[in-house]
Amino acid sequence: MANKMCVLDEEKECDGCMECEICDLDPSKVCDNCGKCLDIKEFATIKIDKIITDPAELTGSERRK
(Lines give C-alpha, C1' and ligand atoms only; values in the text may rest on other atoms or scores of the structure.)
Protein backbone atom coordinates (compact mmCIF):
# COMPACT_ATOMS: atom_id res chain seq x y z
CA MET A 1 0.00 0.00 0.00
CA ALA A 2 1.35 3.43 -0.96
CA ASN A 3 2.08 5.91 1.81
CA LYS A 4 0.11 9.14 1.99
CA MET A 5 1.89 12.16 0.53
CA CYS A 6 2.16 15.54 2.27
CA VAL A 7 -0.45 18.05 1.09
CA LEU A 8 2.01 20.95 1.50
CA ASP A 9 5.02 19.30 -0.19
CA GLU A 10 4.05 16.80 -2.88
CA GLU A 11 7.55 15.27 -2.88
CA LYS A 12 7.46 14.36 0.83
CA GLU A 13 5.66 11.51 2.55
CA CYS A 14 3.25 12.53 5.30
CA ASP A 15 5.08 12.22 8.60
CA GLY A 16 2.18 13.34 10.79
CA CYS A 17 3.64 16.78 11.61
CA MET A 18 0.12 18.29 11.33
CA GLU A 19 1.49 21.52 9.77
CA CYS A 20 -1.33 21.22 7.22
CA GLU A 21 -3.88 21.61 10.04
CA ILE A 22 -2.52 24.98 11.31
CA CYS A 23 -4.60 28.13 10.74
CA ASP A 24 -3.08 30.43 8.09
CA LEU A 25 -4.13 33.56 10.00
CA ASP A 26 -3.32 32.43 13.55
CA PRO A 27 -0.46 29.92 13.74
CA SER A 28 -1.30 29.20 17.38
CA LYS A 29 -4.62 27.50 16.51
CA VAL A 30 -5.76 24.49 14.54
CA CYS A 31 -7.81 25.26 11.42
CA ASP A 32 -11.54 25.06 12.16
CA ASN A 33 -12.64 25.79 8.57
CA CYS A 34 -13.97 29.24 9.49
CA GLY A 35 -13.14 30.50 5.97
CA LYS A 36 -11.71 33.86 7.08
CA CYS A 37 -8.52 33.17 5.12
CA LEU A 38 -10.66 32.59 2.01
CA ASP A 39 -12.84 35.67 2.53
CA ILE A 40 -15.96 33.50 2.36
CA LYS A 41 -19.22 35.48 2.37
CA GLU A 42 -22.48 34.51 4.07
CA PHE A 43 -23.81 33.33 0.74
CA ALA A 44 -22.47 32.82 -2.74
CA THR A 45 -24.07 32.85 -6.15
CA ILE A 46 -23.21 31.29 -9.45
CA LYS A 47 -24.61 32.15 -12.84
CA ILE A 48 -26.09 29.23 -14.77
CA ASP A 49 -25.91 29.99 -18.46
CA LYS A 50 -27.09 26.65 -19.81
CA ILE A 51 -28.73 23.43 -18.64
CA ILE A 52 -27.89 20.37 -20.72
CA THR A 53 -30.41 17.57 -20.49
CA ASP A 54 -29.23 15.55 -23.50
CA PRO A 55 -25.72 14.00 -23.18
CA ALA A 56 -25.41 14.18 -26.99
CA GLU A 57 -25.24 17.98 -26.66
CA LEU A 58 -21.99 17.84 -24.65
CA THR A 59 -18.96 19.18 -26.49
CA GLY A 60 -15.28 19.71 -25.67
CA SER A 61 -14.65 20.66 -22.05
CA GLU A 62 -18.24 19.83 -21.07
CA ARG A 63 -17.58 16.09 -21.55
CA ARG A 64 -16.53 14.04 -18.57
CA LYS A 65 -13.84 11.45 -19.06
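Everything below is about the structure shown above.
Computed from a prediction, not measured in an experiment: that's the story for all the values here. (Residues numbered from 1 in each chain as written. Predicted model: local features only at pLDDT ≥ 70, side-chain atom pairs only at ≥ 80, totals over all residues. Heavy atoms only, no water.)

Caption draft 1: Quick peek at the overall build of the protein. Counting secondary structure elements, the protein contains zero helices and zero strands. The 65 residues of the protein split such that 5% are buried. For the protein, the accessible surface area stands at approximately 6,800 Å², while carbon and sulfur atoms represent 52% of it. (Helix = DSSP H or I, 4+ residues; strand = E, 2+ residues; numbered from the N terminus. Buried < 20%, exposed > 50% of the residue type's maximum accessible area, 1.4 Å probe, protein only. Areas by Shrake-Rupley, 256 points an atom, 1.4 Å probe, with all protein chains shown as cover.)

Caption draft 2: Quick look at the pattern of salt bridges. Counted according to the given criterion, the structure contains two salt bridges. Between lysine 12 and aspartate 15 there is a salt bridge whose closest N-O contact spans 3.7 Å. Assessed through its relative accessible area of 54%, aspartate 15 is described here as exposed. (Salt bridge = Lys/Arg side-chain N within 4 Å of Asp/Glu carboxyl O.)

Caption draft 3: Geometry of the state of the cysteines. Scanning all chains against the criterion turns up zero disulfides. Lacking any disulfide linkage, cysteine 17 is separated from the closest cysteine sulfur, that of cysteine 6, by 6.0 Å. Not engaged in a disulfide, the cysteine cysteine 37 finds its nearest cysteine sulfur in cysteine 34; these two sulfurs lie 6.3 Å apart. (Disulfide = S-S within 2.5 Å.)

Caption draft 4: Fine view of the environment of aspartate 26. Among the residues examined, aspartate 26 registers a relative accessible area of 33% and is labelled partly exposed. Placed 11 residues apart in sequence, aspartate 26 and cysteine 37 show a C-alpha to C-alpha distance of 9.9 Å. A polar contact is formed between the side chain of aspartate 26 and the side chain of serine 28, at a distance of 2.6 Å. (Polar contact = N/O pair within 3.5 Å; in protein donor to acceptor, adjacent residues only side chain to side chain.)

Caption draft 5: Looking closely at unusual backbone geometry. Not every positive phi belongs to a glycine, and methionine 18 is a case in point at roughly 65°. Judged by relative accessible area, which is 48%, methionine 18 ranks as partly exposed. Its identity is not glycine, yet asparagine 33 carries a phi of approximately 60°, on the positive side. What makes asparagine 33 exposed here is its relative accessible area of 69%.

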